[in-house]
Amino acid sequence: MFKPNRKLFSRGLASTTHSNLSSCSTRIKSYIQQGLYQEALKLYYLANSLHHIKADRFIVPSILKACSSLSDQDFGKRILKLGLDIDVYISYALISFYVNFNGLVDACQVFDDNRFLKEMQTDRYSLSITLGCRDDCPDLQCGKQVHAFVVQNTWGDDQFLVIALIDMYAKCAVLADAWQVFNKAAEMSTKVWNAMISGFVINGMWENGLEMCKLMHIDGVDFGSSAFSIVLQACSQEQALLSGMKIHSLATRMSYERHPHVSTSILTMYMKCLQVDDARQLFDLIRQKESASWNVIILGYSYNGYDEEGLMMFASMRSKGIQPYFSAISTVLAACVCSVEFIDFGKAVHGDAVKRAAYLNIVVQSVLLTIYAKCGLVDAAEYIFNKIEARDQVSCCSMVVGFCQNNRFKEAFGVFELMRADSVKPDSMVMVCLLTACSGMEDVQSGLQVHALVTKSSFASDVYVGTALIDMYAKCRSPDLAGFMPMKNLVSWNTIISAYAKNNHPGESINLFAELSKYGLKPNSISVTSVMAATASLAAIL
C-alpha cells in the first residue's frame, strides 16, 4: 500500500510550488508512462495536501491506473472522498478501476449513481471500451452479448469494433470466432490484419501468424511495423530462427529493416535464438541507435551469458548520453552480482540510478541489495531494503539471504518476521537460509519453529529444505529430530549419514550407507568419506 513520505519528496515537489494543475497532471502522466507508479501517487498526494491542487478529469484516470498497477485499492477509494466533480471520463476510470479489483458491485454503483452515463446513448466507442475493459481475462459471455448488439445495430463494418471483437475472442482463446469476425470485416486494413495475427501469436499459433503475413504480402496489404514486430516476437518466444530469418528478409525487401520497432524486434529474435554475432552485426549497421536498441543488445548479451560484453555496452550507451531502461539497469546490476570484480561498476550504476530516480524501481532496488549483500556490504544492502516502501517476495528474500550469507542470523529472522507481518510469502530459499541461521546459532528451538512452518507449508517435500533440516539438527546435535523426508536425493543421504557420524552414532551412519543401493543411488566420495569416519569411530569404541 502507498505510504506518503513528505521528507523524501519535498525537494522533488519544490519546483511545483507555483505550478498549475496542468503541469502537475503532465508530470503524473510522465511518471506512469515510465512505470513509476509510486512516484505518481506521491506527487499527487503532496500536490493535493500541500498546494491544494485538486484532481480533475485529466488526473483521476492516471491516478486510478497507478493504483490498479500497485494493487492499492485503498488509495483509489480515497479519491472518491475528495469531492470530485464526476463526469463521464472519471466514471469510466472508476468503473475500470473497480473491475480490475473484481468489485463489480461498486462498478455498478458508480454507473447507477452517475447521470452522465445513464443519459449517454450507447455508441461504437463505448462498446469498444466495454470489449477491452479486462485486458487480462475478458468476459466471453459479455463479449458475445456485445457482439450480438453490434450485429443487431448493423455496426459490423466499424473497424474499431472489428478489431476489439477479434482481440476479445483471441484473449478468450476462441480463435474460430475471431476468424469469423476477421473474414466478415468490410475493410481489411493493416490494423485488422494485425489484430488477427496478434490473436494467433498470443495463443501460441505463431506459424499461423507467419502464414497470415504471407497472405498480407500476396494481397498487397501494407505490412506496417506492427505486423513485423508481432510475428518476430512469436519467433523469439518459440526460438524459430529459420522463420525469423525469413521475416527479416521480407522486412529488408520492404525497407522496414531500419524502422526502430522492427529493428529492435529483429535484434530480440536473434538474441533469443542464441545468434549473438548476427544480432551484433545488425546493431552495428543501425545508424541512429535509439534507447530501445541499446537496451535489447544489453539484455541479449546477459541472456546468452556474455555479462562482461553487456557491461561494456552499457558503459558505451551511457557515454553517449542515452538513458537506459529499468530492465537494462537491473540486468547490468545482476551481472555485477555474478562477479566481485564488477562491484565498482555496480556502485557506479547505482549512483547513476540514484540521479535518475531509477533506484526507486523495486526491481532495481532488489538487485542492488543483492549485489551489496553478496559482496559483504550488508549495511548498504539493509539501507536500500529499508528504503523500499512496498516490499515484495523478491526484496525480502534477497535481504534474508544476504544476512545469512554474512552470518547475521538474528537480522535474517527479523526480516522474516517483517515478511510474516506484511503477509509476504517466503520461498524455499528463505526456509533454507533460516535453517542455516539456526545451524549457525545452534538454536534448536528456533529450528523446531521453522520445521513446524515447513511441515504446514508446501516446502515439506522440497529436497533442499529437507537437507537443510537434517544439517540443522545435526549441527544442533539432535539428528533424531530430522524426521521423515518423502523425497530424498544423494545430497540429503550424505547429510544424514554425516550427521549421525559426527554425533556419535556411527552404527546408524553405517546402516544408512548400506540402504543407499535400495533406492537406486550410488555413493560418491562424500558418502564414502562419511561412512569411513563412522567406521573409524565404531572401531575406536570397540
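Coordinates for the structure precede this section.
Summary of the structure given here.

Cut-offs used in this document
- Residues numbered from 1 in each chain as written.
- Predicted model: local features only at pLDDT ≥ 70, side-chain atom pairs only at ≥ 80, totals over all residues.
- Heavy atoms only, no water.
- Helix = DSSP H or I, 4+ residues; strand = E, 2+ residues; numbered from the N terminus.
- Buried < 20%, exposed > 50% of the residue type's maximum accessible area, 1.4 Å probe, protein only.
- Contact = heavy atoms within 4.5 Å.
- Areas by Shrake-Rupley, 256 points an atom, 1.4 Å probe, with all protein chains shown as cover.
- Axes fitted to C-alpha atoms, helices over the stretch in contact; angles between N-to-C directions.
- Parallel < 35°, antiparallel > 145°, perpendicular 65-115°, else oblique.
- Left-handed = near helix turned anticlockwise from the far one by under 90°.
- Phe/Tyr/Trp six-rings, centres within 6.5 Å; stacked < 30°, edge-to-face > 60°.
- 1 Å grid on protein atoms, 1.4 Å probe; cavity = no way out; pocket = protein on both sides within 12 Å on 5 of 7 lines; lining within 4 Å.
- Points joined across faces, edges and corners; volume = space filled by probe spheres on them.
- Nonpolar A, V, L, I, M, F, W, Y, C, P; charged D, E, K, R; others polar.

Considerations on the overall build of the chain
Assigned secondary structure in the chain consists of 32 helices and zero strands. Put simply, the chain has 542 residues, and 45% of those count as buried. Across the chain, the fraction of contacts at a sequence separation of at least 24, relative to all contacts at a separation of at least 6, is 62%. On the chain, roughly 28,000 Å² of surface is accessible, and the fraction owed to carbon and sulfur atoms is 54%.

Some thoughts on the packing of helix α17 (residues 260-272) against helix α18 (residues 276-285)
At their nearest, the axes of α17 and α18 sit 7 Å apart, and the two run at 160° to each other. In terms of orientation, α17 lies roughly antiparallel with respect to α18. Once α17 is placed against α18, the crossing between them reads as left-handed. Contacts between α17 and α18 pair Ser263, Ile266, Leu267, Tyr270 and Met271 from the former with Val276, Asp278, Ala279, Leu282 and Phe283 from the latter.

Side note on the side chain of Ser366
Turning to its location among the elements, Ser366 is positioned in helix α23 (residues 362-374). Relative accessible area serves as the criterion here: at 5%, Ser366 is assigned to the buried category. The contact partners of Ser366, leaving out residues within four places of it in the chain, are Asp392, Val394, Ser395 and Ser398.

Regarding the packing of aromatic side chains
The full count for this structure, using the stated rule, is seven aromatic pairs. Look at Trp179 and Phe200: their rings are 6.1 Å apart centre to centre, the planes differ by 50°, and that puts the pair in the tilted class. Within this pair, whereas Trp179 is found in helix α12 (residues 175-183), its partner Phe200 is found in helix α13 (residues 190-202), the two being separated by 21 residues in sequence. Residue classification places Trp179 among the partly exposed positions, given a relative accessible area of 32%. Accessibility expressed as a relative area gives 8% for Phe200, which makes it buried. Judged by centre distance (5.1 Å) and plane angle (80°), the rings of Phe283 and Trp294 are edge-to-face. With Phe283 in helix α18 and Trp294 in helix α19 (residues 291-303), the pair connects residues that are eleven residues apart, well separated along the chain. Accessibility assignment for this pair places Phe283 and Trp294 in one class, buried. Every member of this aromatic cluster is reached through a ring pair, and the members are Trp179, Phe182, Trp193 and Phe200.

Thoughts on empty space enclosed by the protein
Applying the stated criterion across every chain, the model contains two cavities of 30 Å³ or more. Empty space within the second largest cavity amounts to approximately 30 Å³. Residue lining of the second largest cavity: Ile298, Ser302, Asp307, Gly310, Leu311, Thr331, Val332 and Ala335, and that is the complete set. Counting residues per element, the ones that place at least two in the lining of the second largest cavity are α19, α20 (307-319) and α21 (326-337). Taken together, the residues of the lining of the second largest cavity sort by class into four nonpolar, three polar and one charged.

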